[in-house]
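What the coordinates show
So the chains spell out like this:
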Amino acid sequence: MSAFVKGKLKAAREALSKQDNEQARDAALSVLEFEPENYNANVFLGLAYLRLGDFEKSEQAYRKAIALNPEQALAWQGISQLYEKQENWAEYANTLERLARLYAAANDATKCAESVQKLVDLRRQPERGSRMQLAEALSLLLPESDLYPILSTLPPPDPTNPTSTAIGTTQEAIHNSLPLLEELVSLYEQEEESVIQSEINKRKTRLSAPPLDQIRREVALEVLSSSQLPRLYDEVMKHPHASDELRRTTERKLLRLKQRHLFAVPFAGQHKEVKAKLAAEVDELIRGMVFLKIPDELAWMLFIESKDAASIDDYDYGTMKQFVALFPACALAKLLRAYFEYYGISLREANEGDGAEQPPPEPDRDVDYAGIMLDAFSELSESLLAHRIIAKLYELEADYENAIKVAESGLELVRRSEQSWGRPFKLVTKAFNVTLAMSLVHYYPPKNHARALRIIDDILAEDPDNVTALMGRGFVLQHAKRWDDAAKLFTKVIRLNPEEFDVAIRAKEEHAWCEAMCREYQAAVDELREVINNLDDFEGHDEDKARCWWKLGRCYWEMSAEYREEAYKHFITSLKRSSTFAPAFTALGIYYSDCLSPPDPNRASKCFQKAFELDPREAEAARRLAEGFAEEGEWDLVDVVARRTIEGEGGLEEGAETRASRRYLPINAWAWKAVGAVEMTRRNYPAAIEAFQIALRTDVDDHMSWLRLGEAYSKAGRYAAALKALERARELDPEEWVASYFIGEVQRQMGAYEEAIRAFQSILATRPQELGVLHSLGQSYLDLGRFELSAGFSARAETSFLSAVRVTLDLLDASSGFRRVAWKTIADALFHLSGFVGISEDDLAREVLARVIPLVTDHPSKGLTDILSCPLSIEDSNNLSLLALEVALAAYDYRLTLGAINDAAKGAAFYDLGSALLTFARRTLDQAKRDRAQQHAIAQFKDAIRLEPGNDAFWLALGNATFLSQPGVCQHSYIRALEVDSKNAATWTNLGLFYLYHGDAQLANEAFYKAQTLDPDYALAWVGQGLVATANGHDREARALFEHATTLTATVPEADLEYASRLFRKVNESTKSRSASAEAFLPAFFVLDRFCKQRPKDASALHLFGLVCERVGHTGLGIELISRAISVLEAAYEETEDTAIERQFTIAHVNLARLRLSTAEYDRALESYQVATGLLPEQPSDEDADVKVLLAQCQFGSGLAHLKLGQLAEALALFEAAMVTAADQPTIRGHIVVLLAQALWGIGTDEAKESAKTQLLQIVEYDPENLMAINTLTGMGILTDDDGLVEAALSEILSLPIDQRHERDPERDVTYLLVQHHLGQGDAKHALSIAQKAVFAEPERTDARRELASLTLRSGQSASALAILEGSAQNQNDFAQLRASLALHAVSRCVEDEDRAASKALRLAQKAVMLSPWGSTEWKALAYVRSRNVQ
């Protein structure tokens, strides 16, 4: 080292000592410039920078010095100061630990201890170190630390002067490490518990997380596998300064830690050896603690619970007694104490110096040992011993249900214990299986025998001589009536000579019983007597003695009738041995009822009742009791007996509701049949269905059960299932007619009326007087008629109603027992029959009415005498429909005189009579009778309401009856009906009509809306809303509502008529084109057709239908309909002579005449016109415009008829008269003039043609906007090639703006005429130009495009024509226009591309023919396309 470097280093050291840090820095830098690797210069530089506050450069200098000489402590000391000043505690701690090791290497124990103590003090501060960092720091003081050899050289601390040194704490830890170990134990315990808990909380919130127990085990395994606590616990226990209490406490902690680790380690796989080692360690710990009698409850519990013992007696009673003494408050100790006292086992441990053996203590009878054990067991859900004791207790007490539950729980606990300990508990498992199997054998035998046998087979496979399993298998075979096999098993048990007396004697008893069942009665008697003698030598065993005496009596009973008295004595003896032995009571009951002479049914019944009270499994006693109660009609008692019998055989499951076990095969099927029958009487059909289904499990070929099951299904509304069950019943017994009857009933309820009728008729073919079948057949005919009527099959419905009356009359002839329901059927059928305007089967109807009338009109009630003309007579009536209604009224009235079973039936009778009276009031023309019928109907509805005020139909009927006469009562009735049933759409609709009638459209609309919400298919609600829309002036919405009403399933005739009339009026007002209106009238055509079938005598509908037929082209049908309307009007006028009817009659004749003119029936048209003219005044007044219109039509129509008949003079006179009559009616006069001109033109003479032109010119001059006249005049000019006339006719309209021109010419007739005019002149180019202008003006009009395409195609431009048509098709919204364009489209396609478009053109032409088969143009197009294809 040069003198320069030394000088600078000395200067730097002196500057640092004087706190001249800048000079020290400069000196150190000077050295480093000359000698960069100088250690001391870097240290001085680092210290200078540290004091100057430049921490970064200071750390760089120190780090460089450390790199130059890492074993030198000077730089480490400096950098530790730097980190402490920076509060960089992590680096500070590392530096301190490094310094400690450097000092240890230098054998400087004091400085090493100082560094360690600084590190420990640093880590003790919570914000500067965690628990594990503190534990690591403290571990440096343990003997296994590499610092311990040097630290152990420190002198012991001076207790008299603890502050004499700065490392006193370290000295204490070195010379007594116990406090240090205890602190480390505490730190690791806290850390591991914290890690385990936080990890569990984190993992259990993950998606698809495993069960919480599994998470706990996994986390515990991860943490405990690397735990330091076992080592620390060992060091604490081995420490010489540790107290006994500390050792015991630490040992407890070690046991719990290892037990937790053991239970967390998986049972199989790579962890098997680890688990075995841990199990051995835990066993060693608990054995040592038990041996030393250390009061650690867990150790004792683990010691007891881990024992694999075959029986409870194999457990060490001494250990259990010590456990009870050490932990008297423990739940297991309480259970064991009660167990020992219950079995008379002394709790005091025997000592060698106690002398003679003390007798076992007697159990205290006043103590409820079982209750104490059960209370303690509730806290011992994880104890195998507790489960074994309680399972055995339940088995001994014959509480097999709980024994099964506890044994199953015990087996699950064994499985978990095996996983926890890592070793099998075979003996414990077998013990639980034996208890479970025997409990299953005796729990509701033989319900659980299949499961019991599987368990018994497993036990016997492992232990073939297991006595309990052999006994259980024998009992199972006895229930299966395999007596020989059972006897062999009991013989084997006897041969094994079991130690338990009860088992041995029971085996002999059951062996004797098997011999008895094999008819070896004498051998059985001898063996049973031997068993009885053995039992008599012991106190108790009363139940066993009674059972043996009963079996002995049964042996004598089965020997022969001679021994019945002997058997009786044995039964009595059995009851003397045990007065609660139920089978003996059953045997005595059978003796009293079947063998005693004379029989004593009272004593027998008492015996049966006693037997059944004692044991519900006494099925014979229960069956005889149920039969007796059924004969007496005590169905509630039958239900009680049957259900208790089912419960006794295990046929019910516990739950929220006691229900039948789904997989249960009943022993006593009769009990389920009885339950089903009782539930049928209670109308509880689902329960009845279930009962019959279970009964059928025993015998699937039981005809009666299938029959009753089908009946229950049908009454529950499950018709498909009912049909299957009843068909099965009929298959089992084809001769039984009841199944066929029920099938017919089900079919009737399903709406298959025709099938039901055939079923009933097939029964009546062999049993013609079967009253119930006759009634059902009549009802089926009635229901069929109603269905056919709703479907529109009036003739069929009429036949069905008449058949219903005929069949029901046959029922009355056969018996008078069904009079109430029979007359209800007859009256309903006649009431529906009266709704037909004309009855087609006149003779049959008269025959039926003739049979009914004498039965119902002999004694009419006072209310009907003023309404009906009694006695009724067929000969005096020319209206069969009205007569049928009168007979229905009389039938309803007669039904009331028969009385009723209850108020509901009588109320329904009043309601039916009231409804019929209301219908009669609407039908009769006699005002006095109408008023009386109305009042009487209201009275009937009120009587019905008094009897059954909760029936909304009665209130609704009263409201309808008082709709016009008593508004207050009507509204009240509707409101009350809604209170009863607020979801009845009909009631809301009627209330809406009521509000509408009285002018409250808003309330009416709300009511109709409510009805539509409740039932969107209720048509009358839509009709009502349509009426509201009409009242509000919303005609378009009203028409839409009426149209919707006509599309619903349930038709309302009034809606059909209203919709048709509105549509007819709308089309007439909005459409001036006859061709366009034909399509628009089709909906009206269909609804009017439906209406007229339902109301064939409605003149207005017939008249309107005829007019619609005229517009759609069915002129012949229109003539027929209007003729029928004229006939109806004529008959009505003859009765009333009403002027309104006369006016309708006149209009009908005018329309009829016009239709006949169109069909060239000129003579008959003249007749109709003459009739109409005769009813009209010759000189109508100016105020009566309608009469003038009618008269003008008659005069002009007559003129046309005369003209067609060649009577020109008469025709012209009538034409002149028509024009005079319509002089002040411009529209009518214009039509007359045009038609007159056309007629004159049709004559063909020049004079006539000139006259026609003159007439048209005059009317155009008089009415310049008469387009019809202009068009007609133009047409004449075209036909005569008179360009001047054409120009004069069209000049004014062509001069108008395009919008005004289109307004006057909505059908674009002017354009058509111009095109035809130019074509007629041969100027195709000019015609094409006009058509193009029309399309440019209105490109959306399909007819204009079609005309342009036709002209283009004629000019040979097929491609252009095709483009025009395809553009039209894209905007096509009118089906009629699309149909009209198809033929032209097909031809254009064919001409444009013959090869590629041939098939497409053919399809278009075929489609055109299919859509318009009547059109010749379409057929011509198809022929053309086909011809081009052939070419």
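These numbers come from a predicted model, not from an experiment.

Let's talk about the overall build of the chain
Each helix and strand counted, the chain has 74 helices and two strands in total. Here the C-alpha atoms of the chain give a radius of gyration of 57 Å, more than 25% beyond the 35 Å that 2.2 N^0.38 yields for 1431 residues. On the principal axes, the C-alpha backbone points of the chain span a range of 165 × 140 × 75 Å. Sequence separation of at least 24 residues holds for 55% of the intrachain contacts in the chain that already meet a minimum separation of 6.

Quick word on the packing of helix H15 (residues 272-291) against helix H16 (residues 297-305)
Relative to each other, H15 and H16 sit at 110°, their axes nearing to 9 Å. Between H15 and H16, the angle is such that the two are roughly perpendicular. In the packing of H15 onto H16, the handedness of the crossing is left-handed. Contacts between H15 and H16 involve Ile 286, Arg 287, Met 289 and Val 290 on the former and, on the latter, Ala 299, Trp 300, Leu 302 and Phe 303.

What about the nonpolar core?
The biggest cluster of nonpolar side chains holds 198 residues, and the ones touching the most others in it are Leu 151, Phe 323, Leu 335 and Leu 336. Aside from chain neighbours lying at most four places away, what touches Leu 336 is Met 320, Phe 323, Val 324, Leu 385 and Ile 389. In this structure, Leu 696, Leu 764, Ala 797 and Ala 944 belong to the second largest nonpolar core, which totals 93 residues.

Considerations on the environment of Ile 459
Mapping Ile 459 onto the fold places it in helix H23 (residues 449-462). Between the alpha carbons of Ile 459 and Thr 645 there is a distance of 33 Å; along the sequence they are 186 residues apart. The contact partners of Ile 459, leaving out residues within four places of it in the chain, are Lys 430, Asn 433, Val 434, Asn 466 and Ala 469.

Points about the pattern of salt bridges
Under the defined criterion, the tally for this structure stands at 71 salt bridges. Salt-bridge contacts for Lys 824 lead to Asp 828; the nearest nitrogen and oxygen are separated by 3.2 Å. Pair noted here: Lys 824 and Asp 828 are both in helix H42 (residues 819-833), with a separation of four residues, about one helical turn. The shortest N-O distance in the salt bridge between Asp 912 and Arg 895 comes to 2.8 Å. Here Arg 895 lies in helix H45 (residues 880-897) and Asp 912 lies in helix H46 (residues 903-923), a separation of 17 residues in the sequence. Residue classification places Asp 912 among the buried positions, given a relative accessible area of 10%. Given a relative accessible area of 12%, Arg 895 falls into the buried group.

Brief notes about the packing of helix H49 (residues 967-980) against helix H50 (residues 985-997)
At a minimum axis distance of 10 Å, the contact between H49 and H50 shows a crossing angle of 155°. The orientation of H49 relative to H50 falls into the category roughly antiparallel. Handedness of the crossing formed by H49 with H50: left-handed. Only Thr 987, Trp 988, Asn 990, Leu 991, Phe 994 and Tyr 995 of H50 make contact with H49, whose side of the interface consists of Pro 967, Cys 970, Gln 971, Tyr 974, Ile 975, Ala 977 and Leu 978.

What to know about the side chain of Glu 798
Residue placement: Glu 798 occurs in helix H41 (residues 794-814). Although buried, Glu 798 forms no salt bridge, and the nearest oppositely charged side chain, Arg 846, lies 11 Å from it. In this structure Glu 798 touches Leu 833, Phe 836, Gly 838, Ile 839, Ser 840 and Glu 841, once residues within four positions along its chain are discounted.

Brief notes about the side chain of Ser 145
One can find Ser 145 in the loop between helix H8 (131-139) and helix H9 (148-151). Separated by 2.9 Å, the side chain of Ser 145 and the backbone oxygen of Leu 140 make a polar contact. A distance of 3.2 Å separates a polar atom in the side chain of Ser 145 from the backbone nitrogen of Leu 147. Aside from chain neighbours lying at most four places away, what touches Ser 145 is Ser 139 and Leu 140.

So, a nonpolar patch on the surface
On the surface, a cluster of nonpolar side chains totalling about 210 Å² of accessible area is made up of Leu 1208, Leu 1212 and Ile 1243. Take Ile 1243: it is sitting in helix H63 (residues 1226-1243). The partly exposed category is assigned to Ile 1243, whose relative accessible area is 35%.

Description of the confidence of the model for the chain
Model confidence for the chain is summarised by a mean pLDDT of 83, while 92% of its residues fall at 70 or above. Counting interchain partners and residues more than four positions distant, the pLDDT-below-50 stretch residues 351-357 has two contacts. Segment residues 654-661 is flagged for pLDDT under 50; beyond a separation of four residues in sequence, or across chains, it makes 16 contacts in the model.

A short note on a negative patch on the surface
Together, Asp 313, Asp 314, Glu 499, Glu 500 and Asp 502 make up a negatively charged patch on the protein surface. Mapped onto the secondary structure, Asp 314 falls in the loop between H16 and helix H17 (317-326).

Some points on the packing of aromatic side chains
Each aromatic ring pair is summarised here by two numbers: the centre-to-centre distance and the angle between the ring planes. Taken as a whole, this structure holds 33 aromatic pairs when the rule is applied. Consider the rings of Tyr 443 and Tyr 444, whose centres lie 4.4 Å apart with planes at 40°: the pair is tilted. Taken together, the ring pairs in this structure connect Tyr 317, Tyr 339, Phe 340, Tyr 342, Tyr 343 and Tyr 369 into an aromatic cluster. The aromatic ring of Phe 612 is capped on one face by Arg 644, whose charged end is 5.2 Å from the ring centroid.

Focus: helix H18 (residues 331-342)
Helix length check: H18, at 12 residues, gives a terminal C-alpha distance of 16 Å against a target of 16 Å (1.5 Å per residue), a fit within 8%. Of all the positions in H18, only Ala 331, Leu 332, Ala 333, Leu 335, Leu 336, Ala 338, Tyr 339 and Phe 340 are classed as buried. The elements touched by buried residues of H18 are H16, H17, helix H19 (369-377) and helix H20 (384-396). After H18 finishes, the residue Gly 344 shows a positive phi value of roughly 70°.

So, helix H25 (residues 483-496)
End to end, H25 covers 20 Å across 14 residues, agreeing with the expected 20 Å (1.5 Å per residue, within 8%). Along H25, the residues classified as buried are Trp 483, Ala 486, Ala 487, Leu 489, Phe 490 and Val 493. One side of H25 holds all its buried residues, which, seen down the axis, span an arc of 165°. Opposite the packed face of H25, turned more than 90 degrees from it, sit the exposed residues Lys 488 and Arg 495.

Focus: the environment of Val 746
One can find Val 746 in helix H38 (residues 737-750). Residue class for Val 746 comes out buried when judged on its relative accessible area of 1%. Spatially, the C-alpha atom of Val 746 lies 8.6 Å from that of Glu 711, the residues being 35 residues apart in sequence.

How each quantity is defined
Residues numbered from 1 in each chain as written. Predicted model: local features only at pLDDT ≥ 70, side-chain atom pairs only at ≥ 80, totals over all residues. Heavy atoms only, no water. Helix = DSSP H or I, 4+ residues; strand = E, 2+ residues; numbered from the N terminus. Rg over C-alpha atoms; globule rule 2.2 N^0.38 Å. Contact = heavy atoms within 4.5 Å. Axes fitted to C-alpha atoms, helices over the stretch in contact; angles between N-to-C directions. Parallel < 35°, antiparallel > 145°, perpendicular 65-115°, else oblique. Left-handed = near helix turned anticlockwise from the far one by under 90°. Core = buried A, V, L, I, M, F, W, Y, C linked by side-chain atoms within 4.5 Å. Buried < 20%, exposed > 50% of the residue type's maximum accessible area, 1.4 Å probe, protein only. Salt bridge = Lys/Arg side-chain N within 4 Å of Asp/Glu carboxyl O. Lys, Arg positive; Asp, Glu negative; His and termini not counted. Polar contact = N/O pair within 3.5 Å; in protein donor to acceptor, adjacent residues only side chain to side chain. Patch = residues over 30% accessible without salt bridge, like charges linked within 9 Å, V, L, I, M, F, W, Y side chains within 5 Å. Areas by Shrake-Rupley, 256 points an atom, 1.4 Å probe, with all protein chains shown as cover. pLDDT = per-residue confidence, 0-100. Charge placed at Lys NZ, Arg CZ, Asp CG, Glu CD. Phe/Tyr/Trp six-rings, centres within 6.5 Å; stacked < 30°, edge-to-face > 60°. Lys NZ or Arg CZ within 6 Å of the ring centre and 35° of its normal. Expected span 1.5 Å × (residues − 1). Arc of directions from axis to C-beta.

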